Amino acid sequence: MATSMTAPRPNTRLYDFYREMRRVRTFEERVGELFVRGQSAGSMLHLSIGEESAAVGVGAAMQAGDTFTTHHRGHGIFLARGAEPDRMMAEIAGKESGYCGGKGGSMHIADMSLGHLGANAIVGGGIPAVVGAGLSARNLGTGTVSVAFFGDGATGQGILYESLNMAALWQLPCLFVCINNQYGMGTRIDRATANPNLHERAAAFGLSARTVDGLSVEDVADAAEEMIADARAGRPGFLAIDCYRFFGHARKDKSPYRADGEEAAGRQKDPVSAARTKLIVSGLASVEALDALDKEIDAEMDGAIDFAVAGTEPPMAAMFRDVYAPGEPEPEPVSARLSRVLARD
Ligand SMILES: Cc1ncc(C[n+]2csc(CCOP(=O)(O)OP(=O)(O)O)c2C)c(N)n1
Ligand SMILES: [Mg+2]
């Protein structure tokens, strides 16, 4: 989370949260711009606008050495855990200077040094890895916690329940964070389940479980701090965070399945504006100070786009790098295999 900010910097927790949430939102807006310019790699991008309190509130409660996995909407979470916007944007643009050399992209970004065990495009796919990380942490006595971030849609996946059961049974240092943005693609949560109180399912497995309103980043952080401390002591938990997905599922989705009125009301549930208003109303920061901060963040994220666009694509020779264990011979290129097979006929 190291950023060099020159604006007057009130020394309060809420100001820090606001700054990080604003960074996440601005980063996501720039990702949208990269996509429109045709400079992102691949055709799918999932923005977390409206969900910033989950990334920042939980991210702030984690400690150095803690690990995590994310779903396909995970840019904000990685930023909140200290990712550099330049290298993230470069990864999303498919450039060599990105976190995974441009080969992971938006949905498979990972970085072990920051504890990021991987984003995952398979709904629920990252959840069991956190159980493994928790088991390893417990057996090795590292004192670290592993956090799975996933969407409400993953509550329809069996792997979640196998994972909750094992974590509870073995008392692993794990926290399961369900970012309930009310939608799994075009299906609203109340059309996907008869009981949308998602945390109740985890309670049935013996985890401590609760839901918080994502409108307040402070509430999210308070809950996360408590539950991460519990997890560290061998009491795993499940935290559902209620929020609203401001835009479509991915960049090409204009959400024709939801009424304008619903969307407008949903966007009122804005954790970034709520934090800004609270800072101003309570006298913790002036409008001018926050405007100056926003400008600095704009410049930081503009810089990330410039960095990404200026980068080079990975060479073909890098195709199999980082795929096989060191020492394994590289597989025969497809072209060579094809000519060998054709020559045989
Ligand atoms: C196993 C699996 N099934 C279906 C999909 C297609 N798919 C991609 S995202 C998504 C919805 C996920 O909703 P949610 O978990 O709530 O996350 P959100 O997109 O709302 O952040 C689906 C069904 C997939 N990627 N993996
Ligand atoms: Mg969802």
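For the structure, check the block above.
This write-up is about the structure you can find in this document. Sequence order as written defines the numbering, with residues in each chain counted from 1. Just so you know, chain letters begin at A and ligand numbers begin at 1, following the order they were written in. Reporting in this predicted model follows two pLDDT cut-offs: at least 70 for local features of residues, and 80 or more for side-chain atom pairs to be given and counted; totals over whole chains, interfaces and linings ignore these cut-offs and use all residues.

### Let's talk about the overall build of the chain
Working definition: helices are DSSP H or I runs of at least four residues, strands are E runs of at least two. Numbering for both runs from the N terminus. Helix and strand counts for the chain come out as 13 helices and eight strands. The C-alpha radius of gyration computed for the chain amounts to 21 Å, which stays within 12% of the reference 20 Å derived for 345 residues, consistent with globular compactness. Structurally, the chain occupies a C-alpha span of about 75 × 50 × 45 Å along its principal axes. With C-beta atoms placed from the backbone, a residue counts as buried when 20 or more other C-beta atoms lie within 10 Å of its own, as exposed when 12 or fewer do, and as partly exposed for counts between those limits. Looking at the 345 residues of the chain, the share that counts as buried comes to 46%. Contact definition: two residues whose C-beta atoms, as placed from backbone geometry, lie within 7 Å. Contacts spanning at least 24 positions in sequence make up 75% of the contacts within the chain whose residues lie at least 6 apart. Restricting the calculation to C-alpha atoms gives the radius of gyration, and the globule rule supplies 2.2 Å times the number of residues raised to the power 0.38.

### Concerning helix 5 (residues 127-140)
Because the α-helix completes a turn every 3.6 residues, residues three or four places apart line up on one side. How far a helix is expected to stretch is found by multiplying one less than its residue total by 1.5 Å. The end-to-end C-alpha distance of helix 5 is 20 Å, a good match for the 20 Å that 14 residues give at a rise of 1.5 Å each. In the stretch just after helix 5, G141 is the one whose phi turns positive, near 65 degrees.

### Section: the sheet that holds strand 4 (residues 174-180)
Spatially, the six strands line up as an open sheet ordered 2-1-3-4-8-7, and their pairing is parallel. At either margin of the open sheet sits one strand with a lone partner, and together these are strand 2 (116-119) and strand 7 (208-213). Averaged over neighbouring strand pairs, the angle between their axes works out to 15 degrees when direction is ignored. When strand 3 (residues 146-151) meets strand 4, the two strands line up parallel, connected through six bridges. Residue F149 lies in a different strand from strand 4, and its bridge partner there is V177. Together, strand 3, strand 4 and strand 8 (237-242) form the strand contacts of helix 2 (residues 52-61), whose direction differs from that of strand 4 by roughly 160 degrees. Strand pairing is defined by DSSP finding a minimum of two bridges between the two strands. Angles here are taken between N-to-C directions and fall from 0 to 180 degrees, while the axes themselves are lines fitted to C-alpha atoms, restricted in helices to the stretch in contact.

### Considering the site of ligand 1
Placing the C-beta atom from the backbone, one calls a residue near a molecule or strand if that atom lies within 6 Å of it. Taken together, the neighbourhood of ligand 1 is formed by 17 residues, with R73, V123, G151, G153 and G184 sitting nearest. Under this grouping Gly is polar, as are all residues other than the nonpolar Ala, Val, Leu, Ile, Met, Phe, Trp, Tyr, Cys and Pro and the charged Asp, Glu, Lys and Arg. A per-class count over the shell around ligand 1 returns six nonpolar, eight polar and three charged.

### Section: the environment of T187
With respect to the helices and strands, the residue T187 is situated in strand 6 (residues 187-188). Exposure remark for T187: the 16 C-beta atoms within 10 Å place this residue in the partly exposed category. C-alpha separation for the pair T187 and G153, spaced 34 residues apart in sequence, amounts to 9.1 Å.

### A word on the pairing of strand 7
Sheet topology note: the strand 7/strand 8 ladder contains six bridges and is parallel. Following the sheet pairing, V212 is matched in strand 8 by I241. Note on handedness: a crossover is taken as right-handed if, strands pointing away from the viewer, the path from the first strand over the helix to the second is clockwise. With helix 9 (residues 217-232) bridging strand 7 and the parallel strand 8, this β-α-β connection has right-handed handedness.

### Here's the deal with the packing of helix 1 (residues 13-36) against helix 4 (residues 85-92)
In the contact formed by helix 1 and helix 4, the axes pass within 11 Å of each other and the chain directions differ by 30 degrees. Between helix 1 and helix 4, the interaxial angle falls into the category roughly parallel. Between helix 1 and helix 4 lies a crossing whose hand is right-handed. In this structure, helix 1 contributes F27, R30, V31 and L34 to the contact, and helix 4 contributes P85, M89 and I92. Under this scheme an angle from 65 to 115 degrees is roughly perpendicular, one under 35 degrees roughly parallel, and one over 145 degrees roughly antiparallel; angles in between are oblique. Note on convention: near helix rotated counterclockwise from far helix by under a right angle means a left-handed crossing. Clockwise means right-handed.

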